[in-house]
Amino acid sequence: MSLAIALVLIVVASVLFHFLSPWWFTPLSSNWGQLDDTILVTLVITALVFIAVNLFVAWSIVRFRHRPGRRAAFEPENRRLEGWLTLVTTLGIVAMLAPGLYVYSDMISPPKDALVVEALGQQWQWRFRFPGADGRLGRSDTARVSADNPFGLDPADPAGEDDVLIDAAELHLPLARPVTVLLRSRDVLHNFYVPHFRVKMDLVPGLVSRLWLTPTQPGRFEILCAELCGVGHFNMRGAVVVAEAAEFDTWLAAQPTFARMRAAPAATEAATGPAALAAQGRALAQTRGCAACHSTDGSPSVGPGWRGLYGSARTLADGSRVHADDAYLMRSIREPAAQLVQGYPAIMPVTALGDDELAALVAYIKTLGEAPAAADEDAARRAPNGGTPR
Ligand code: CUA
């Protein structure tokens, strides 16, 4: 009897939780209200089955409880009942799957006049590419990827010359205009997901997948990677900024094209001096995903922390000791597995960085090593192993 009461309570609590919980969908900011409808259909069907099954079990426990002198009748087969259960289950599953297939086929069939943008994923960052004035994206090939050519574009393809390259995790889109998002991965599986837009799609190495949407609300929306892609997965984030068409056009016109980027690969060096270099390194640590695994405040992290790292003595996996100078840091970034620090797994991916980018990162790490001693002690108190080798 207590089991029956527990089941009824679970049903009541589940229904109450659904209506009273603070966890609702984020406000819809695209044309994909149909996706919410399909989720609602699935929720209602599974909820009805959940309630019916649990109440039936509770009822059976009471109705057929043990009574002295009564024996259960054995009924090995009931064709009528099996027929009904098969039919009802089939209808329920079809009702859950059919709307989803219908919406999915719509979601991957963009309208002809849609704006095109490519989202390029890699561990653990996002980049974006627009086709430029000719409306065509240039040929790309992962084999061509380098520090100066992060999209792997083919310089021989004239269609790629005017491609607009966004080497950052921020994508701007015009309001109320359909946009096709082509998805490409440089390494492993990732997933492009913007909760406010409802749409999500895997990035599959070797394939170009796609989806389309029309932003219906201006604002800034988070892009999340929704496919476990390594230790930095949680930090593979970005943003979509939706604005009026004029504002979007102004932004797009200010972004570099492939031709311009090739003509002036050292444009980032415009700002000189150690402070500017360190600031550039700090920005790189964010955009290149370093910050996902390397803490800068002395707290423990997946990889060795950067606070107080420069100039310190390091014990390597083989027991030898090295001094963390410029050469050591550069080599550790270029060849992560070459001088593995004791206590840390060999999981750091190789990131293509230009010489100037490498110098900027090292300059930034240097500034973290020159922190006042008091701050270091503070950090050490908070985290006993202080990001130094365990
Ligand atoms: Cu990329 Cu998770």
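Residues numbered from 1 in each chain as written. Predicted model: local features only at pLDDT ≥ 70, side-chain atom pairs only at ≥ 80, totals over all residues. Heavy atoms only, no water.

**Focus: the overall build of the protein**
For the record, the criterion: Here a strand is any run of E in DSSP of at least two residues, a helix any run of H or I of at least four, and the numbering for each starts at the N terminus. C-alpha atoms define the radius of gyration in this analysis, and the globule rule sets the expected value at 2.2 Å times the number of residues to the power 0.38. Only protein chains enter the calculation, and the probe is 1.4 Å; a residue is then buried if its accessible area is under 20% of its type maximum, exposed if over 50%, and partly exposed in between. Contacts are residue-level and defined by heavy atoms, with any inter-residue pair within 4.5 Å sufficient. Here the open area of atoms and residues is found with the Shrake-Rupley method and a 1.4 Å probe, where only the protein chains shown may cover a residue. This count recognises Lys and Arg as positive and Asp and Glu as negative, with His and chain-terminal groups excluded. For the purpose of locating charges, the reference atoms are NZ of Lys, CZ of Arg, CG of Asp and CD of Glu.
Secondary structure summary: the protein contains 9 helices and 12 strands in total. Radius of gyration (C-alpha) of the protein: 28 Å, far over the 21 Å computed for a compact globule of 390 residues. For the protein, the spread of C-alpha atoms along the principal axes amounts to about 90 × 55 × 35 Å. Here the protein holds 390 residues, and 38% of them are scored as buried. The long-range fraction of contacts in the protein, counting pairs at least 24 apart against all pairs at least 6 apart in sequence, stands at 69%. For the protein, the exposed area adds up to about 21,600 Å²; of that, 64% sits on carbon and sulfur atoms. Where the 34 positive side-chain charges of the protein centre and where its 38 negative ones centre are 10 Å apart.

**With respect to helix 8 (residues 355-369)**
This is how it is decided: Helix span is expected to be 1.5 Å times the residue number reduced by one.
Compared with the 21 Å implied by 1.5 Å per residue over 15 residues, the 21 Å span of helix 8 between its first and last C-alpha is a close match. Buried residues of helix 8: Asp356, Glu357, Leu358, Ala360, Leu361, Val362, Ala363, Tyr364, Ile365 and Leu368, and no others. Elements in contact with the buried residues of helix 8: helix 6 (274-287) and helix 7 (326-334).

**Some points on helix 4 (residues 245-253)**
In an α-helix, one full turn covers 3.6 residues, which means residues spaced three or four apart are oriented alike. Here is the rule: Read the arc as the range of directions from the helix axis to the C-beta atoms.
Listed as buried for helix 4 are Phe248, Trp251 and Leu252. All buried residues of helix 4 project into a common sector of 95° when viewed along the axis, lining one side. With respect to the buried face of helix 4, the exposed residues turned more than 90 degrees away are Ala246, Glu247, Thr250 and Ala253. In this fold, the buried residues of helix 4 make contact with strand 1 (115-122), strand 2 (125-130), strand 3 (164-166) and strand 4 (170-174).

**Comments concerning the confidence of the model for the protein**
Rule in force here: Here pLDDT means the predictor's own confidence in every residue, given as a number from 0 to 100.
Looking at the protein, the pLDDT average stands at 86 and 92% of residues meet or exceed 70. When pLDDT is averaged over each element of the protein, strand 6 (residues 190-193) comes out on top at 96 and helix 9 (residues 373-382) at the bottom at 44. Contacts from residues 371-390, a stretch scored under 50 in pLDDT, to residues over four places away or in other chains number 26 contacts.

**What about the sheet that holds strand 10 (residues 237-243)?**
Convention followed: Note on pairing: DSSP must find at least two bridges between two strands before they are called paired. Here an angle of 0 to 180 degrees is reported between the N-to-C directions of two axes, which are lines fitted to C-alpha atoms, with helices fitted over the stretch in contact.
Ordered in space as 4-10-9-6-7, the 5 strands form an open sheet in which the pairing is mixed. Two strands close off the open sheet at either side, each with one partner strand: strand 4 and strand 7 (200-203). Across the sheet, the mean angle from the axis of one strand to that of its neighbour is 25°, orientation sign disregarded. Summarising the sheet, strand 6 and strand 9 (residues 219-225) pair through 2 bridges and their orientation is antiparallel. Across the sheet, the residue bridging to tyrosine 193 is leucine 224, located in strand 9.

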